[in-house]
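Next come the chains, spelled out residue by residue.
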Amino acid sequence: MRLEGRVAIVTGAAQGIGRAIANKLHEEGASIAAVDLNGEGAGKVASELDGLAIHADISSEGDANRMARETLDRYGKIDVLVNAAAIVPFVSWDEVNFAYWRKIISVDLDGAYLVSRAVERPMRGAGYGRIVQIASNAFLAGTPNMGPYLAAKGGVVGLTRALATELGKYGITANAVAPGITRTEGVLGTPHAEAFDFVQSLQAIPRHALPEDIAPVVAFLASEESGWITGQVVVADAGHVRD
Ligand SMILES: NC(=O)c1ccc[n+]([C@@H]2O[C@H](COP(=O)([O-])OP(=O)(O)OC[C@H]3O[C@@H](n4cnc5c(N)ncnc54)[C@H](O)[C@@H]3O)[C@@H](O)[C@H]2O)c1
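Overview of the structure. (Residues numbered from 1 in each chain as written. Predicted model: local features only at pLDDT ≥ 70, side-chain atom pairs only at ≥ 80, totals over all residues. Heavy atoms only, no water.)

## Some words on the pairing of strand 4 (residues 80-83)
Inference 1: Of the two faces of strand 4, both are covered, the one formed by Val 80 and Val 82 as well as the one formed by Leu 81 and Asn 83.
Inference 2: With four bridges connecting them, strand 1 (residues 7-11) and strand 4 associate as parallel partners. Directly across from Ile 9, in strand 4, lies its bridge partner Leu 81.
Inference 3: Relative to strand 5 (residues 129-134), strand 4 runs parallel, the two sharing four bridges. Residue pairing across strands places Val 82 opposite Val 132, the latter belonging to strand 5.
Inference 4: In this view, the connection linking strand 4 to its parallel neighbour strand 5 by way of helix 4 (residues 98-126) has right-handed handedness. (Buried < 20%, exposed > 50% of the residue type's maximum accessible area, 1.4 Å probe, protein only. Helix = DSSP H or I, 4+ residues; strand = E, 2+ residues; numbered from the N terminus. Pairing = 2+ DSSP bridges. Right-handed = clockwise from strand over helix to strand, strands pointing away.)

Okay, structure coming up:
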């Protein structure tokens, strides 16, 4: 098991890709802090994995810091942060106003900064850390009806590169995984669900993506053996977008 003895925080762990990642990291031996705005969902996942549930909003600095504190109180260290929490919107460009723009950016980009900030001090102290952001291939493809999301995910890629540069000397790596459209509760509840068959026709591997297709890529980047990879974006989308 690649993560035996490791402690991993997974945000957005109540459902979808975050939940599959929490399951996979646990299967690889990690103790899990399952973080979500949906406290009940986080609680369910945490109880299945014998982990810690943290009801938190990643766009709140206070909640992000509490997330790190509660994990340290329970487990004494933080080896891994996977930030999968995000709002995945479907909104036409003409409907985007500044309030909506700020709402998406505050969770999808500010949240990525806040949770990374919250874990980097204890990681520095330990001289070890793995930060994995969940970006999106939509940022590369310029997918329609996702304006603020594309901007946020592009920002997450920039943040990942900055974190890699700033934190490498402390033994901390930072990478991003960019999934393609994946069958999650969030996406299946929006008109994006109608795009699966068309996107499949553009993929090299012709089937719909499941959260379990993404989780092993994250598990590798969360492991010690990925230590010579940092500041990178790994696209996991069955060959849809080839950067
Ligand atoms: N599903 C896809 O097609 C797809 C494709 C590319 C990238 N992604 C990315 O993968 C990640 C997971 O997506 P998903 O499809 O599983 O989403 P989802 O909507 O199914 O789940 C997202 C989870 O994040 C939580 N969350 C939302 N805002 C939060 C906040 N402010 N604080 C804490 N938790 C919050 C939600 O409660 C939910 O449990 C996201 O970063 C998303 O951008 C998804």
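Okay, back to it.
## So, the site of the ligand
Inference 1: Residues in close proximity to the ligand total 27 residues, the closest being Gln 15, Asp 36, Tyr 149, Thr 182 and Thr 184.
Inference 2: Note that an oxygen atom of the ligand is positioned 3.0 Å from one of the backbone N or O atoms of Ala 84.
Inference 3: One of the side-chain N or O atoms of Tyr 149 is found 2.5 Å from an oxygen atom in the ligand.
Inference 4: Protein chains bury 93% of the 830 Å² of accessible surface belonging to the ligand in isolation.
Inference 5: One can see that the ligand is located within the largest pocket.
Inference 6: For the shell around the ligand, the elements supplying multiple residues, two or more each, are helix 1 (16-27), helix 6 (147-167) and helix 7 (185-188). (Near = heavy atom within 4 Å. Polar contact = N/O pair within 3.5 Å; in protein donor to acceptor, adjacent residues only side chain to side chain. Areas by Shrake-Rupley, 256 points an atom, 1.4 Å probe, with all protein chains shown as cover. 1 Å grid on protein atoms, 1.4 Å probe; cavity = no way out; pocket = protein on both sides within 12 Å on 5 of 7 lines; lining within 4 Å. Sits in = over half its atoms within 2 Å of the grid points.)

## What to know about the layout of surface pockets
Inference 1: What the largest pocket holds in volume is close to 1000 Å³.
Inference 2: Taken together, 47 residues line the largest pocket, and the ones lying closest to its centre are Ile 87, Val 88, Tyr 149, Thr 184 and Val 187.
Inference 3: Among the secondary structure elements, those contributing two or more residues to the lining of the largest pocket are helix 1, strand 2 (31-36), helix 5 (138-141), helix 6, helix 7 and helix 8 (196-202).
Inference 4: Its residues placed into classes, the lining of the largest pocket shows 28 nonpolar, 16 polar and three charged.
Inference 5: As for the second largest pocket, its lining consists of Gly 180, Ile 181, Gln 203, Ile 205, Arg 207, Ala 209, Asp 213, Ile 214, Val 217, Ala 236, Asp 237 and Ala 238.
Inference 6: The element contributing the most residues to the lining of the second largest pocket is helix 9 (residues 211-221), with three residues.
Inference 7: Per-class residue counts for the lining of the second largest pocket are seven nonpolar, two polar and three charged. (Points joined across faces, edges and corners; volume = space filled by probe spheres on them. Nonpolar A, V, L, I, M, F, W, Y, C, P; charged D, E, K, R; others polar.)

## Overview of the nonpolar core
Among soluble globular proteins, nonpolar side chains are generally buried collectively.
Inference 1: In terms of nonpolar packing, the biggest core is built from 32 residues, with Ile 9, Ile 54, Met 67, Leu 81, Val 119, Met 123 and Ile 131 touching the most fellow members.
Inference 2: Broken down by secondary-structure element, the contributors of at least two residues to this core are strand 2, strand 3 (52-55), helix 3 (61-75), helix 4, helix 6 and strand 6 (172-179).
Inference 3: The element best represented in this core is helix 4, accounting for seven residues.
Inference 4: In this view, Ile 54 contacts Ala 33, Ala 34, Val 35, Asp 36, Ala 42, Arg 66, Met 67, Glu 70 and Thr 71; residues no more than four positions away in its chain are not counted. (Core = buried A, V, L, I, M, F, W, Y, C linked by side-chain atoms within 4.5 Å. Contact = heavy atoms within 4.5 Å.)

None of this, on its own, says anything about what the molecule does.
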